[in-house]
Amino acid sequence: MGRCVRQSHSGFFLEGLVLSILVLIVDAIATLLGGALLLRFWMQAIRVRPPASVAQFTFQLSDWLVRPLRRIVPGVGGYDWASLIGAFLIVLLATSVMYLAGWTTPLVLLMACQRFLQWILYGFMALLVVEAIFSWVNPHAPLAPFVRALNEPLLRPIRRVVPLVGNLDLSLLVALILLQIALLVLGMLFSGR
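Residues numbered from 1 in each chain as written. Predicted model: local features only at pLDDT ≥ 70, side-chain atom pairs only at ≥ 80, totals over all residues. Heavy atoms only, no water.

*Asks:* For this particular structure, what's the right way to read the overall build of the chain?
*Replies:* Helix and strand counts for the chain stand at six helices and zero strands. Written out in order from the N terminus, the α and β elements of the chain read α-α-α-α-α-α. Taking 16 Å as the expected radius of gyration for a compact globule of 193 residues, we find that the chain reaches 21 Å, considerably beyond that expectation. Summarising its shape, the C-alpha atoms of the chain cover approximately 75 × 45 × 35 Å along the three principal directions. In the chain, buried positions account for 32% of the 193 residues. Carbon and sulfur atoms provide 72% of the accessible area of the chain, an area that totals close to 12,200 Å². In the chain, 14 positive and 7 negative side-chain charges are present, and the distance between their average locations comes to 3 Å. (Helix = DSSP H or I, 4+ residues; strand = E, 2+ residues; numbered from the N terminus. Rg over C-alpha atoms; globule rule 2.2 N^0.38 Å. Buried < 20%, exposed > 50% of the residue type's maximum accessible area, 1.4 Å probe, protein only. Areas by Shrake-Rupley, 256 points an atom, 1.4 Å probe, with all protein chains shown as cover. Lys, Arg positive; Asp, Glu negative; His and termini not counted. Charge placed at Lys NZ, Arg CZ, Asp CG, Glu CD.)

Pasting the structure below:
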């Protein structure tokens, strides 16, 4: 009897471990693809021309999905909706792994929506952190103007409200705090608290 309990326990442990590893791998790949798709959408939405290296990386990583989606979802209003929908499909596909853990379809869809919005917020946070690093380490780095241009639509309204403090621009810090608040609110909305 004891041997059966140990085997059952080790079977659950092994299944949980395999599922965790699978989720980790799928999430890593999905985050890379989804990030490229979201970056592609944002660059096009705010009309920022990327450096050749960024453009090549982003387009090569995402063309396989964006080109077929454009046949179904054309760009409307000057936005590359195929890139945005592609990013959501990647999130949905990555979240579908949770079917293996017994999740239901409504739960997978709800979690995919939450993760998609989280990816957008985390993407903006990452861009802000990269800009902060450039401003401290090398403000004249080749990618610095590109990153500044990506952040400008977020920072412009904050700069109107938050004044310079001793020639120090605190808009990056305020934007990061606001994005973290948005993440907290998002978590509360999706958890039902």
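Moving on, there is more to tell.
*Asks:* Honestly, the pattern of salt bridges in this entry has me stumped. Any pointers?
*Replies:* As a working rule, side chains carrying opposite charge can pair if their charged atoms are close by. As enumerated under the stated definition, the model contains eight salt bridges in all. Asp 80 is the partner of Arg 70 in a salt bridge, and the nearest nitrogen-oxygen pair spans 3.0 Å. Highlighted residues: Arg 70 in helix α2 (residues 52-72) and Asp 80 in the loop between α2 and α3 (81-95), separated in sequence by 10 residues. The buried category is assigned to Asp 80, whose relative accessible area is 6%. (Salt bridge = Lys/Arg side-chain N within 4 Å of Asp/Glu carboxyl O.)

*Asks:* I would appreciate a short explanation of the environment of Ile 85 in the present structure.
*Replies:* Position of Ile 85 relative to the elements: it lies in helix α3. Distance in space between the C-alpha atoms of Ile 85 and Leu 33 is 12 Å, their sequence separation being 52 residues. Non-local contacts of Ile 85, meaning those with residues more than four positions away in its chain, are made with Leu 69 and Val 73. (Contact = heavy atoms within 4.5 Å.)

*Asks:* Quick question: what am I supposed to make of a nonpolar patch on the surface here?
*Replies:* A cluster of nonpolar side chains, Phe 13, Leu 14, Leu 17, Val 18, Ile 21, Ile 25 and Ile 29, forms an exposed patch at the surface whose accessible area comes to about 670 Å². Examined against the element boundaries, Leu 17 turns out to sit in helix α1 (residues 2-45). You can call Leu 17 partly exposed: its relative accessible area is 38%. (Patch = residues over 30% accessible without salt bridge, like charges linked within 9 Å, V, L, I, M, F, W, Y side chains within 5 Å.)

*Asks:* What's the story with the packing of helix α4 (residues 105-137) against helix α5 (residues 144-161) in this structure? I'm lost.
*Replies:* The geometry of a pair of packed helices is captured by two quantities: the angle between their axes and the separation between those axes. Contact geometry of α4 with α5 gives a least axis separation of 9 Å together with a crossing angle of 110°. Comparing the axis directions of α4 and α5 gives the class roughly perpendicular. Between α4 and α5 lies a crossing of left-handed hand. Along the contact surface, α4 presents Phe 124, Leu 127, Leu 128, Val 130, Glu 131 and Phe 134, while α5 presents Ala 144, Val 147, Arg 148, Leu 150, Asn 151, Leu 154, Leu 155 and Arg 159. Of the residues assigned to the contact of α4 with α5, the class counts are 10 nonpolar, one polar and three charged. (Axes fitted to C-alpha atoms, helices over the stretch in contact; angles between N-to-C directions. Parallel < 35°, antiparallel > 145°, perpendicular 65-115°, else oblique. Left-handed = near helix turned anticlockwise from the far one by under 90°. Nonpolar A, V, L, I, M, F, W, Y, C, P; charged D, E, K, R; others polar.)

*Asks:* I'm lost on unusual backbone geometry in this one. Help?
*Replies:* Only a minority of non-glycine residues have a phi that is not negative, and only a minority of peptide bonds are not trans. Positioned with a positive phi, Arg 47 is a non-glycine residue whose angle comes to about 60°. With respect to the helices and strands, the residue Arg 47 is situated in the loop between α1 and α2.

*Asks:* What's the story with α5 in this structure? I'm lost.
*Replies:* In an α-helix there are 3.6 residues to a turn, and that puts residues three or four apart on one side. Between its first and last C-alpha, α5 extends 24 Å over 18 residues, near the 26 Å set by a 1.5 Å rise per residue. Its axis deflected by about 55° at Glu 152, α5 carries its strongest bend there, up to four residues before the proline Pro 153. Along α5, the residues that are buried comprise Ala 144, Phe 146, Val 147, Leu 150, Asn 151, Leu 155 and Ile 158. (Expected span 1.5 Å × (residues − 1). Bend = angle between axes of the 7 residues up to and from the residue.)

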